[in-house]
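Take a look at the letters that make up each chain.
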Amino acid sequence: MSVCQYIVVAICLGIGSIGLQAQSISKGEPLPVEIQQWLEETENLSSRNLDSAFLIADQALQAAYLLDHKTATATCLDKIATLAVKGGQYNIALDYYAQGLQLWDSLGNKVAAAKLLSDRGYAYLLQQNYPKAIADYTQAITLREELGDTEGLITSYFDFVDFYTNRFDFPLAANYLTICDSLLQLYPSTKQQAHFFARKGKLAFYQRNYQDAIDQYNQSIHLFNTIGLSDNQGPILIMLGVVYVYMGDDWVNKNPTKAQNFYYRALEIHSDNLKTHIDHGKRQGIIDVSLNLGGVYRRLGRYQQGLDTLRKAAQLAEAINSPGDVAIAYRIMSDIFQKMKNVDSVMHYRKLYEAQNDKSVREKSEKAIRFAEVYYQTQKKEKENAQMRQEAQIQGLRFRTTVISSILLGILLIGFIYYFYNRTRTQRKLMEQQTKINGQIVIDLIKEQTIENLNSRLEGQEQERERIARDLHDRLGGTLAAVKWSLEGLERKLPESATKSYTKTQTLLDRAWNETRRLSHDMMALPLQNLGLEASLHELCEMLNTNGELTITYSNQLNEPLKLSEKVERHLYRIIQELLQNVIKHAKASQVSLTLSKEETTLKVALEDNGKGFAHAPNEIKGMGLKNVDARTQQLGGTFSINSQVGKGTKVKLEVPV
């Protein structure tokens, strides 16, 4: 897939959401100030660090639960669902949407309910559950018709335009555009008119009516500039440049000069758009436009300019931790070097592309696990909060019953007041003691349940790792092997002119097979099965030492080999693997020491780095990685401590009974 095609996919999704930002939907009680601030912080973080945004939104949700503030709770549920959609966690998003819709319905807020239905329809669309997407879009239209919300109705019909355009059902998309046009004639809105032209441009582009697409996009850009919403025109400018690239591609063989003219027009548009993004500091916009520019420079034969532009895009993408964009930049650079007939550079950037592509896949997998973790904790906290509220109501009822009973008894038996006074006081003390005993029992049960849940979750993670590894090895690996065997059978039948392509294909298949085996072995922690814990840790450190930026010193001070169960070895290996990964990702260290020792029946693990350190309060554990380390340590019956200061590195100690 070319860079233009990547951008087309991204922009077609992006244009569908231009101007459809969340409106003020809290018609009832206002949001508490602190929750409002958290949600604003979440909005600012969502484009830069989705994990942090998700955790802050969850913090706001827990506060809303404790305050029993329904409007705040529903707003937070909407926000978390939106973040889950951005992270590709559609099932989790749909669960949050369902909870939010139930609350908005109970509050009678149809405006908010219609907005949520539109958002949930988009989530179903991304999940390719088209019947449910259409059902939600239709229900949103019904609510907006009841409210007489014309602007909202146009937005809902835009949803259908995007739906049918992206499914290449152009007649239906055109019909819904006609409906939108009729509504805009009755209720003029310059902003919605700009969105209308943008969608007409997209439909024309999909139908290869390039000149019509250019005219529609130019009208949309003009209207956004007229009403002072020039920020909204960035994605449209990208699409406009893409249209000119496709027009050039159509004329490459028929009229190379005309093709070059179109490429130069695309170059002009993208260059102006890049300057606008740079002026406003929009890093993702800079990356998107730069990738487009690199592709145009490649078509024009201006290879050095293309390489310079793509290198800057890759550096910026690495800075914001976007391995998918880095991978695209490296792939286009590899194509440019192929045009330049620089074989070594082609292979070099092809390897970098594959590494970044693998990193993108891994990060998506890790992100899915983190989203699931937060979702599990949120549901657990809500159950605990509900139980606490119920217990408080029961205690209040008991207290009121006791007071009323005491008053009645005092009136009826006034002659025996002293006797009953002493008796009541004694009963109250006994009740308080019993309450304390019951409370401690509940706390102990919660702790036991928490440990059981942690054990189940960690065991589930290991089983899922092994399942994925087996699927990689048995299914994908078997398929690759079959393809390789089939290709080998074709070698004798191929003409000599195809030998080079055949050899290259075989090389790529071998690389895919080796990568599949490496990933499956890593996820199943095969070194543990073959070598044992001490040797596996040595191999892990040697592997991480290969990048040259970090030196890991492994010191095994055990007097004799450890004799541990497979489960204990697996947990210890995963704990140390997670700690080393944290150092690589966050510490910016150049030296790390890992020491394994034993004192009587206690295994001791010490890990120390010379990195930047961080402010750390006693007994404070932040981040999903460290929480997993703490959970595994608890399961082993051990202790885990962190000592870190800003600028003075970090020391981690782990003690486990063996």
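As the structure is a prediction and not an experimental result, all values here were calculated from the model. (Residues numbered from 1 in each chain as written. Predicted model: local features only at pLDDT ≥ 70, side-chain atom pairs only at ≥ 80, totals over all residues. Heavy atoms only, no water.)

### Regarding the pattern of salt bridges
Link 1 in the chain: By the definition in use, this model includes 11 salt bridges.
Link 2 in the chain: We note a salt bridge from arginine 199 to aspartate 162, for which the minimum N-O separation is 3.2 Å. Separated by 37 residues along the polypeptide, arginine 199 in helix α10 (residues 190-206) and aspartate 162 in helix α8 (residues 150-166) bring together distant segments of the chain.
Link 3 in the chain: The salt bridge involving lysine 604 is made with glutamate 599; its shortest N-O contact spans 3.0 Å. (Salt bridge = Lys/Arg side-chain N within 4 Å of Asp/Glu carboxyl O. Helix = DSSP H or I, 4+ residues; strand = E, 2+ residues; numbered from the N terminus.)

### Focus on the packing of aromatic side chains
Link 1 in the chain: Under the criterion given, the structure shown has 15 aromatic pairs.
Link 2 in the chain: Both rings, one in phenylalanine 160 and one in tyrosine 164, keep their centres 6.3 Å apart while their planes meet at 15°; by these two values the pair is stacked. Of the two residues, phenylalanine 160 and tyrosine 164 both sit in helix α8, 4 residues apart, roughly one turn of that helix. A single burial state applies to phenylalanine 160 and to tyrosine 164, both of which are buried.
Link 3 in the chain: It is arginine 167 that lies over the ring of tyrosine 130; its NZ or CZ is 4.0 Å from the centre.
Link 4 in the chain: Positioned above the aromatic ring of phenylalanine 158 is the side chain of arginine 199, whose terminal nitrogen or guanidinium carbon lies 4.3 Å from the ring centre. (Phe/Tyr/Trp six-rings, centres within 6.5 Å; stacked < 30°, edge-to-face > 60°. Buried < 20%, exposed > 50% of the residue type's maximum accessible area, 1.4 Å probe, protein only. Lys NZ or Arg CZ within 6 Å of the ring centre and 35° of its normal.)

### What about the pairing of strand β5 (residues 650-657)?
Link 1 in the chain: Across the two faces of β5 the burial differs, with Thr650, Val652, Leu654 and Val656 buried and Lys651, Lys653, Glu655 and Pro657 not buried at all.
Link 2 in the chain: Note: strand β3 (residues 602-609) against β5, 8 bridges, orientation antiparallel. Bridging across to β5, alanine 606 finds its partner in lysine 653.
Link 3 in the chain: Relative to β5, strand β4 (residues 639-644) runs antiparallel, the two being bridged by 6 bridges. Within β5, the position partnered with isoleucine 642 by the bridge is valine 652.
Link 4 in the chain: Where β4 folds back onto β5 in an antiparallel hairpin, the turn is made up of 5 residues, including glycine 647, whose phi is positive at roughly 85°. (Pairing = 2+ DSSP bridges.)

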